[in-house]
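If you want the building blocks of each chain, they are given just below.
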Protein chains: 6
Amino acid sequence: MRPSKRAADEMRAVTLERNVSKHAEGSCLVKFGDTHVLCTASLEERIPPWLRGQNRGWVTAEYGMLPRATGDRMRREASAGKQSGRTLEIQRLIGRSLRAVVDLQALGERQISVDCDVLQADGGTRTAAITGAWVALSDCITWMKTRDMLTRPVLKDHIAAVSCGIYNGTPVLDLDYDEDSTAETDANFVLTGSGGIVEIQGTAEGAPFSEEEFAQLLSLAKGGISRLVELQKMAIL
Amino acid sequence: MRPSKRAADEMRAVTLERNVSKHAEGSCLVKFGDTHVLCTASLEERIPPWLRGQNRGWVTAEYGMLPRATGDRMRREASAGKQSGRTLEIQRLIGRSLRAVVDLQALGERQISVDCDVLQADGGTRTAAITGAWVALSDCITWMKTRDMLTRPVLKDHIAAVSCGIYNGTPVLDLDYDEDSTAETDANFVLTGSGGIVEIQGTAEGAPFSEEEFAQLLSLAKGGISRLVELQKMAIL
Amino acid sequence: MRPSKRAADEMRAVTLERNVSKHAEGSCLVKFGDTHVLCTASLEERIPPWLRGQNRGWVTAEYGMLPRATGDRMRREASAGKQSGRTLEIQRLIGRSLRAVVDLQALGERQISVDCDVLQADGGTRTAAITGAWVALSDCITWMKTRDMLTRPVLKDHIAAVSCGIYNGTPVLDLDYDEDSTAETDANFVLTGSGGIVEIQGTAEGAPFSEEEFAQLLSLAKGGISRLVELQKMAIL
Amino acid sequence: MRPSKRAADEMRAVTLERNVSKHAEGSCLVKFGDTHVLCTASLEERIPPWLRGQNRGWVTAEYGMLPRATGDRMRREASAGKQSGRTLEIQRLIGRSLRAVVDLQALGERQISVDCDVLQADGGTRTAAITGAWVALSDCITWMKTRDMLTRPVLKDHIAAVSCGIYNGTPVLDLDYDEDSTAETDANFVLTGSGGIVEIQGTAEGAPFSEEEFAQLLSLAKGGISRLVELQKMAIL
Amino acid sequence: MRPSKRAADEMRAVTLERNVSKHAEGSCLVKFGDTHVLCTASLEERIPPWLRGQNRGWVTAEYGMLPRATGDRMRREASAGKQSGRTLEIQRLIGRSLRAVVDLQALGERQISVDCDVLQADGGTRTAAITGAWVALSDCITWMKTRDMLTRPVLKDHIAAVSCGIYNGTPVLDLDYDEDSTAETDANFVLTGSGGIVEIQGTAEGAPFSEEEFAQLLSLAKGGISRLVELQKMAIL
Amino acid sequence: MRPSKRAADEMRAVTLERNVSKHAEGSCLVKFGDTHVLCTASLEERIPPWLRGQNRGWVTAEYGMLPRATGDRMRREASAGKQSGRTLEIQRLIGRSLRAVVDLQALGERQISVDCDVLQADGGTRTAAITGAWVALSDCITWMKTRDMLTRPVLKDHIAAVSCGIYNGTPVLDLDYDEDSTAETDANFVLTGSGGIVEIQGTAEGAPFSEEEFAQLLSLAKGGISRLVELQKMAIL
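- Naming follows an unreviewed UniProt entry, where chain A appears as Ribonuclease PH of Stappia taiwanensis.
- Comment text from UniProt for chain A, heading Subunit (unreviewed entry), reads "Homohexameric ring arranged as a trimer of dimers."
- Annotation of chain A in UniProt includes, under Catalytic activity (unreviewed entry), the sentence "tRNA(n+1) + phosphate = tRNA(n) + a ribonucleoside 5'-diphosphate".

Structure representation (structure tokens):
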């Protein structure tokens with residue numbers, strides 16, 4: 001039995017609320033249960049120096065957590081003077097995931113910076129962030145289209161993510177914090193709308209896991225992500 | 001005529017929403033029009049080293065802005081590796097303001113850390129932060145009372161803040177960003193519920209201002225803050 | 001009775017010694033009693049990137065304290081790897097104060113950097129720094145004039161600063177360290193030679209203060225600053 | 001055809017040279033073809049503060065690259081003042097991988113720090129590092145056994161790692177730099193000697209990959225890692 | 001002919017002014033011509049962690065330069081966020097030089113921190129700093145003696161320093177900036193009052209130098225330092 | 001008697017192994033007994049900003065130590081976030097030493113960066129680094145010659161270095177760690193192939209040393225360096 005009473009293949013309540021920022025070209029407040037992430041997509045005319053003159057754009061992401069997003073207050077990274085390895089790892093993952101469905105040539109020499117800031121955390125912040133970031137990114141691209149800044153499609157597909165894990169010996173979908181902190185195995189999956197795999201990260205926290213267990217996690221993830229993609233489609237209608 | 005059509009002594013719509021954080025002992029989402037600040041108060045058993053053994057507690061504050069809280073995206077301070085002078089100045093101001101109405105002896109050897117994170121900025125973020133931080137602090141102290149952690153009152157008074165400025169030659173209350181960026185003079189006032197002055201910061205952006213002008217700004221601020229204190233009282237009912 | 005036996009409206013002995021640096025275009029060693037600040041004004045042909053191409057110059061300031069300027073040795077900021085919030089706050093104040101009396105267009109595309117380094121501290125370092133920085137700045141501008149680098153006046157007025165506070169219930173002028181560390185209220189005033197207010201910073205260290213008390217502090221400050229401006233005039237004769 | 005002419009399931013020449021450090025309790029110079037990593041295991045009596053008093057030890061890892069380990073010289077991280085996200089990600093992976101086969105209770109309140117420094121890079125540095133780090137760790141534990149510092153077995157299994165990828169449409173084992181920089185998909189696998197999975201990291205660099213492709217990569221990895229474990233066994237004979 | 005018209009073995013005018021700090025236990029403003037260094041010695045009860053419990057004290061030094069001590073303004077190290085290699089090198093040299101004449105056991109478990117801050121630079125700042133630091137240190141020790149904090153002598157000898165160089169083919173004593181910036185060879189010598197050598201640092205800026213040239217520089221240095229020690233003796237009378 | 005049984009004027013076994021890096025334009029693994037330093041020379045088309053447009057090149061050096069190169073593991077500088085004063089001092093010394101024998105005009109507007117990374121330390125790392133760096137530099141210049149990038153000779157002479165010290169009252173050549181950590185005096189000498197002195201750094205660790213002692217150290221160094229230069233000549237044949 002999961003602490004939340006959910007079925008093994010049941011996600012938390014997911015909402016995707018658009019237009020939550022007065023300033024950003026695209027924005028989305030995504031909630032996976034009690035995990036709340038504010039995603040904004042900012043269009044910038046500058047691109048990274050190493051990309052200049054290549055007729056291509058860039059999509060990048062940054063991730064942060066408010067100090068009291070968590071059960072115990074954590075030190076503010078701006079005050080500590082550096083971002084943790086975990087933060088850097090997550091923001092690299094979000095950026096790679098988004099770029100997997102963007103046609104950078106079609107974007108032109110511009111950068112879209114997606115900021116994912118966790119207002120409240122209850123497990124699965126990186127997967128919620130990727131799922132919400134896609135909506136913010138999509139709105140930013142729509143914003144550009146309505147201003148005739150684009151001549152061909154930029155977004156190639158949906159991208160969404162979910163975590164799965166083995167909790168008390170059972171593979172379950174969309175771990176919350178209670179499950180995540182005691183799961184034997186924890187895996188994050190990033191898939192496109194058409195079911196292609198973009199990222200897989202699986203870690204044995206306790207005992208190593210088997211190929212069969214991993215296949216079960218992937219199967220759960222595919223189901224969850226297909227529902228997330230449906231929600232994304234409804235959100236941007 | 002103000003860009004927002006407000007009267008000279010008219011504040012923006014102010015709301016104070018409590019219990020916006022699942023984890024924090026006290027929390028408040030404060031809105032001064034389009035300026036939105038999430039305030040959380042975190043109770044910590046540790047105190048700063050220089051306070052140890054003095055039977056006193058401490059109240060401190062940290063301030064941050066999401067990168068796209070503003071019209072143009074700003075660099076994330078965690079990524080830049082340091083907090084700007086502006087950020088440090090503001091969080092010192094918030095901390096001093098809150099401590100002015102707290103009985104640190106009554107708090108006992110504990111620290112309350114108040115985080116004020118600007119989700120969306122439209123001028124007046126520091127004054128909104130102080131006003132909302134008081135609500136979060138008050139709820140944190142109530143949380144302690146209901147757990148019998150306090151033996152006498154800790155909060156001595158309300159504290160609230162507002163900015164005033166001279167805009168197009170006219171003293172006006174509660175500057176929004178459009179006004180703030182062109183005002184000749186900009187002043188922030190922090191007052192207690194009983195009308196005592198805790199902080200005054202006045203700056204001539206263009207021409208110096210006179211004693212008379214300053215008196216007018218202070219008078220506007222007293223009116224605005226008395227309304228903010230009313231809202232705080234209603235919020236914590 | 002003040003620890004220094006001064007009358008309530010009596011400043012410490014103030015001296016302004018010019019030409020104390022072999023290299024700087026302008027320099028002044030300012031003493032407010034035992035508070036000694038070395039101010040140098042350096043002319044630089046480069047300007048901040050965001051000002052380029054606007055036919056305007058810039059005046060900026062930096063502030064520092066020698067580690068043993070104070071009663072207890074403080075950690076060297078260069079060794080700590082960052083400037084404290086207090087340092088950043090003070091140098092921003094000095095820069096704003098100086099710019100309030102400079103015609104940046106008349107300066108041309110150049111920057112004057114004023115360094116204020118506290119050799120010995122006994123309270124009021126920021127107000128002494130502003131008062132001495134004006135003299136260094138004035139000499140730097142004279143240096144430029146004698147080299148035909150300027151076509152019209154750059155300095156619009158004097159600027160000087162003093163602190164006031166409520167010490168043992170009495171408003172007093174120009175706090176020294178003994179007073180500053182126990183004053184109930186501490187306020188810094190920056191005024192022009194013609195009496196216009198450029199900056200006001202008032203803080204209740206203990207109990208909040210009233211509008212009447214604040215008016216008394218401002219009145220003392222006006223007297224003190226008018227004497228400081230007299231001294232500046234004599235210094236640059 | 002692979003640039004190195006290797007068969008799809010063929011690893012590069014792998015060597016594991018022990019006792020390459022005069023000082024370290026365990027050490028191994030591991031080579032996967034032209035990728036050379038120097039691994040040292042250092043026994044330290046101190047443990048991280050959060051582990052104190054729990055009768056458990058810790059195994060941690062750090063990763064670095066000499067500036068000219070790569071085709072173009074890279075900036076030295078010590079001079080840049082921080083470790084890159086990539087470095088932090090890799091050293092976290094090495095540490096987790098090693099801890100998966102260590103009985104931390106049996107280690108006692110001590111820390112083993114494994115340093116993996118890349119002397120020369122040609123792709124696959126993290127997988128070579130994990131494979132060599134196990135040998136250094138094993139020797140460090142043997143060093144402790146011969147000094148009667150341990151009362152029961154600490155190492156529970158072997159751990160080794162290899163990368164696989166889809167190169168020109170074909171799944172191949174043990175990518176070198178030429179392959180890695182153009183592969184469509186790149187995955188790192190960390191497995192135990194008994195075939196349990198400890199870490200999986202798969203990334204689509206270009207087009208997303210399918211479940212079938214991923215299964216092929218995992219199958220190649222299992223073959224490669226079983227050979228690496230054989231080499232580890234021979235090395236520590 | 002030297003730019004300053006001095007004879008080859010002639011030092012600049014040297015002054016050692018004591019008691020220049022209201023707060024420090026010992027202080028000296030040392031001038032070697034236009035090179036002015038403010039030296040303060042601060043007694044601290046804490047010692048470095050690695051020295052605890054050894055019944056020994058420590059003497060350490062820090063060095064800094066005001067930004068406009070030099071002909072062109074240099075970036076403030078506190079603002080740059082780190083001390084330069086040159087600064088670290090110099091302060092290590094000053095500390096080692098002072099410790100060479102201090103009986104650390106006799107000092108007891110205390111630290112004396114000597115700060116050497118260059119107010120104005122014209123070459124030879126490190127040698128002036130060492131020479132003045134000795135006077136500040138000596139006064140600090142006298143301060144301790146008069147408070148009965150010491151039971152036996154702490155200072156074993158004088159220490160002083162001077163630079164020599166080969167300028168236009170001629171070995172000369174006490175280089176000023178004009179000479180230093182064009183000298184072919186530059187050497188710093190630190191000697192005790194009894195003529196023992198504590199530090200030698202010689203660098204060929206252009207062509208390598210010979211053993212004979214080096215011997216000439218050392219001979220000049222011995223003469224200069226013996227005069228500096230005389231001045232120290234007169235200063236502390 | 002020296003701990004290593006060597007005669008007073010006997011160096012450790014020295015080897016200079018070239019072509020140890022697949023990528024670098026020049027490389028050398030130098031061993032002075034158990035001190036092993038990997039030196040790579042990297043040709044870069046960019047030069048420092050302050051050299052641009054002067055038709056001259058630059059040679060610079062960086063120095064590092066693997067964390068467990070030493071008897072006790074040291075903190076990794078990349079993780080500490082800064083290079084120590086010792087590291088900065090050493091890499092400045094290596095760079096100056098190499099530039100003393102390079103014709104920077106003949107090099108053209110290019111930079112050669114020499115990295116010296118200590119794989120294992122047993123005293124004398126900086127002198128081994130200089131000696132090996134010269135070989136790497138020489139091979140880099142040869143690499144350029146064979147590609148017709150140079151029109152006249154760049155390398156003017158050999159450069160090599162050795163340490164000497166007074167150990168148990170006797171001057172000895174090429175200190176190892178056992179000697180270095182207890183020597184009364186420690187001096188590093190950098191000489192050219194033709195015997196010119198480029199750098200001398202002598203430090204009294206305990207009692208000051210005399211001119212005669214220093215002359216003995218220099219004499220030992222000349223002997224040692226002349227043998228090192230022979231080895232360099234044989235290495236590059």
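Digging into the sheet that holds strand E3 (residues 35-44) of chain D
Sheet strands pair by backbone hydrogen bonding; their relative direction is either parallel or antiparallel.
Residues and elements named next belong to chain D.
Point 1. Strand order in the open sheet formed by five strands is E1-E2-E3-E5-E4, and the pairing between neighbours is mixed. Each edge of the open sheet is held by one strand with a lone partner, namely strand E1 (14-18) and strand E4 (58-65). The mean angle between the axes of side-by-side strands here comes to 20 degrees, regardless of whether they run parallel or antiparallel.
Point 2. In the sheet, E3 pairs with strand E5 (residues 111-120) via nine bridges, with the strands oriented antiparallel. Opposite Val37, over in E5, you have Val118 as the bridge partner.

A word on the sheet that holds strand E4 (residues 58-65) of chain F
All names here are of chain F.
Point 1. Read across the sheet, five strands follow the order E1-E2-E3-E5-E4 without closing on themselves; strand pairing throughout is mixed. What marks the edges here is a single partner per strand, and that holds for strand E1 (14-18) and E4. Averaged over all adjacent pairs, the angle separating strand axes in this sheet is 20 degrees, with direction ignored.
Point 2. Running over the sheet, helix H4 (residues 125-146) touches E1, strand E2 (26-32), strand E3 (35-44), E4 and strand E5 (111-120) and is turned about 35 degrees from E3.

Some thoughts on the UniProt feature "binding site: phosphate" (unreviewed entry) in chain A
Residues and elements named next belong to chain A.
Point 1. Per the UniProt record, "binding site: phosphate" (unreviewed entry) is found at Arg86, Gly124, Thr125 and Arg126. A maximum C-alpha distance of 13.2 Å among these annotated residues, which run over 41 residues, shows that they cluster at one spot.
Point 2. Along the chain, Thr125 turns up in helix H4 (residues 125-146).
Point 3. Leave out the neighbours within four places in its chain, and Thr125 touches Thr35, Val37, Tyr63, Met65, Arg86 and Val118.
Point 4. By the element assignment, Arg126 lies in helix H4.
Point 5. Dropping the residues within four chain positions of it, Arg126 is found in contact with Ile90, Leu93, Asn188 and Gln201.

Regarding the pattern of salt bridges
Point 1. By the definition in use, this model includes 119 salt bridges over all chains.
Point 2. Notably, a salt bridge pairs A:Glu25 with B:Arg68, separated by 2.7 Å at the nearest N-O pair. Of this pair, A:Glu25 sits in the loop between strand E1 (14-18) and strand E2 (26-32) while B:Arg68 sits in the loop between strand E4 (58-65) and helix H1 (77-80), which puts the two residues in different chains.
Point 3. One salt bridge connects A:Arg46 with A:Glu44, and the closest N-O pair in it is separated by 3.4 Å.

Section: the relation of the copies chain A and chain D
Point 1. Least-squares fitting of chain A to chain D yields an RMSD of 0.0 Å, with the superposition described by an axial translation of 0.0 Å and a rotation of 180 degrees. This pairing of chains is accounted for by a two-fold axis. Relative to the rotation axis, the C-alpha of A:Gln201 is the closest in chain A, positioned 2.3 Å from it.
Point 2. A shared binding surface is used by both copies, with 100% of the interface residues of chain A retained as interface residues in chain D.

Structural notes on the arrangement of the chains
Point 1. These two, chain C and chain D, are apart from each other, with no contact and a minimum C-alpha gap of 12 Å.
Point 2. Without any contact between them, chain A and chain E keep their closest C-alpha atoms 12 Å apart.

So, unusual backbone geometry
Residue and element names in this part refer to chain A.
Point 1. Positive phi, normally seen in glycine, also occurs at Lys5, with a value near 65 degrees.
Point 2. You can see Lys5 is positioned in the segment before E1.
Point 3. Among the residues examined, Lys5 registers a relative accessible area of 64% and is labelled exposed.

Structural notes on the interface of chain B and chain A
Point 1. Contact with chain B, which involves 38 residues of that partner, is made by 38 residues of chain A.
Point 2. A combined buried area of about 2,700 Å² lies between chain B and chain A, and 46% of that area is made up of carbon and sulfur atoms.
Point 3. For the pair chain B and chain A, the interface holds 24 residue pairs in polar contact (both at pLDDT 80 or more).
Point 4. Residue assignment for the side of chain B that touches chain A shows that the elements contributing at least two residues are strand E3 (35-44), E4, H1 and strand E5 (111-120) of chain B.

Regarding the UniProt feature "domain: Exoribonuclease phosphorolytic" (unreviewed entry) in chain A
All names here are of chain A.
Point 1. As recorded in UniProt, the sites labelled "domain: Exoribonuclease phosphorolytic" (unreviewed entry) are residues 10-140 and 159-222.
Point 2. Helix and strand shares over residues 10-140 are 30% and 31% respectively, and the end C-alpha atoms of the span are 31 Å apart.
Point 3. Its end C-alpha atoms 12 Å apart, residues 159-222 is made of 25% helix and 45% strand.

Here's the deal with the packing of aromatic side chains
Point 1. The full count for this structure, using the stated rule, is 21 aromatic pairs over all chains.
Point 2. When the ring of B:Trp50 is compared with that of B:Trp58, the centres are 4.9 Å apart and the planes differ by 85 degrees; the resulting orientation is edge-to-face.
Point 3. The class of B:Trp50 is exposed, set by a relative accessible area of 52%.
Point 4. For B:Trp58, a relative accessible area of 16% gives the class buried.
Point 5. Judged by centre distance (5.9 Å) and plane angle (20 degrees), the rings of C:Phe209 and C:Phe214 are stacked. Residues C:Phe209 and C:Phe214 agree in their burial class; the two are buried.
Point 6. An aromatic cluster is defined as three or more aromatic residues linked by ring pairs; in this entry it consists of A:Phe189, A:Phe209, A:Phe214, D:Phe189, D:Phe209 and D:Phe214.

Description of helix H4 (residues 125-146) of chain B
All names here are of chain B.
Point 1. With 22 residues, H4 should cover 32 Å at 1.5 Å per step; its first-to-last C-alpha distance of 31 Å lies within 8% of that length.
Point 2. When you tally the buried positions in H4, you get 18 out of 22 residues, the bulk of the element.
Point 3. At the C-terminal side of H4, Asp148 shows a positive phi close to 55 degrees.

Digging into the interface of chain A and chain D
Point 1. Counting residues at the interface gives 23 residues for chain A, matched by 23 residues for chain D.
Point 2. Of the roughly 2,200 Å² buried where chain A meets chain D, counting both sides, 54% is carbon and sulfur surface.
Point 3. Area buried by chain A at its contact with chain D is led by A:Glu89, A:Ile197 and A:Glu211, which between them contribute 24% of it.
Point 4. Connecting chain A to chain D are four salt bridges.

A short note on the side chain of F:Arg2
All names here are of chain F.
Point 1. Assignment of secondary structure puts Arg2 in the segment before E1.
Point 2. We classify Arg2 as buried; its relative accessible area is 4%.
Point 3. From its side chain, Arg2 meets the backbone oxygen of Glu10 in a polar contact 3.3 Å long.
Point 4. A polar contact is formed between the side chain of Arg2 and the backbone oxygen of Asp174, at a distance of 3.3 Å.
Point 5. Excluding residues within four positions of it along the chain, Arg2 makes contact with Ala7, Ala8, Glu10, Tyr167, Val172, Leu173, Asp174, Leu175 and Glu179.

Details of the packing of helix H2 (residues 85-99) of chain D against helix H4 (residues 125-146) of chain D
All names here are of chain D.
Point 1. At a minimum axis separation of 10 Å, H2 and H4 run at an interaxial angle of 40 degrees. On the basis of the axis angle, H2 is oblique to H4. For the pair H2 and H4, the sense of crossing is right-handed. Contacts from Arg86, Ile90, Leu93, Ile94, Ser97 and Leu98 of H2 reach H4 at Thr125, Arg126, Ala129, Ile130, Ala133, Trp134 and Leu137.
Point 2. Of the residues contributing to the contact of H2 with H4, the split by class is nine nonpolar, two polar and two charged.

Let's talk about the environment of E:Trp134
Residue and element names in this part refer to chain E.
Point 1. Mapped onto the secondary structure, Trp134 falls in helix H4 (residues 125-145).
Point 2. In this structure Trp134 comes out as buried when scored by relative accessible area, which is 3%.
Point 3. Look past the residues within four positions of Trp134 in its chain and what remains in contact with it is Leu98, Val101, Leu155, Asp157, His158, Ile159, Gln232 and Ile236.

Looking at the relation of the copies chain B and chain A
Put simply, the second copy of the chain is the first one after a rotation about an axis and a shift along it.
Point 1. Superposing chain B onto chain A requires a rotation of 180 degrees together with a translation of 0.0 Å along the rotation axis, leaving an RMSD of 0.0 Å.
Point 2. Comparing interface residues between copies, 100% of those in chain B also sit at the interface in chain A, which points to an isologous, same-surface contact.

Some details on the packing of helix H2 (residues 85-99) of chain B against helix H2 (residues 85-99) of chain C
Point 1. Contact geometry for H2(B) and H2(C): axes closest at 9 Å, N-to-C directions at 110 degrees. As judged from the angle between their axes, H2(B) and H2(C) are roughly perpendicular. Listed contacts from H2(C) to B:Gly85, B:Arg86, B:Leu88, B:Glu89 and B:Arg92 of H2(B) are C:Gly85, C:Arg86, C:Leu88, C:Glu89 and C:Arg92.
Point 2. Among the residues forming the contact of H2(B) with H2(C), the class breakdown is two nonpolar, two polar and six charged.

About the thresholds
Residues numbered from 1 in each chain as written. Chains lettered and ligands numbered in written order. Predicted model: local features only at pLDDT ≥ 70, side-chain atom pairs only at ≥ 80, totals over all residues. Heavy atoms only, no water. UniProt positions renumbered as here; feature names shortened; annotations may be inferred. Pairing = 2+ DSSP bridges. Helix = DSSP H or I, 4+ residues; strand = E, 2+ residues; numbered from the N terminus. Axes fitted to C-alpha atoms, helices over the stretch in contact; angles between N-to-C directions. Contact = heavy atoms within 4.5 Å. Salt bridge = Lys/Arg side-chain N within 4 Å of Asp/Glu carboxyl O. Least-squares fit on C-alpha atoms with pLDDT ≥ 70 in both. Buried < 20%, exposed > 50% of the residue type's maximum accessible area, 1.4 Å probe, protein only. Buried area = accessible area lost by both parts, 1.4 Å probe. Polar contact = N/O pair within 3.5 Å; in protein donor to acceptor, adjacent residues only side chain to side chain. Phe/Tyr/Trp six-rings, centres within 6.5 Å; stacked < 30°, edge-to-face > 60°. Expected span 1.5 Å × (residues − 1). Parallel < 35°, antiparallel > 145°, perpendicular 65-115°, else oblique. Left-handed = near helix turned anticlockwise from the far one by under 90°. Nonpolar A, V, L, I, M, F, W, Y, C, P; charged D, E, K, R; others polar.

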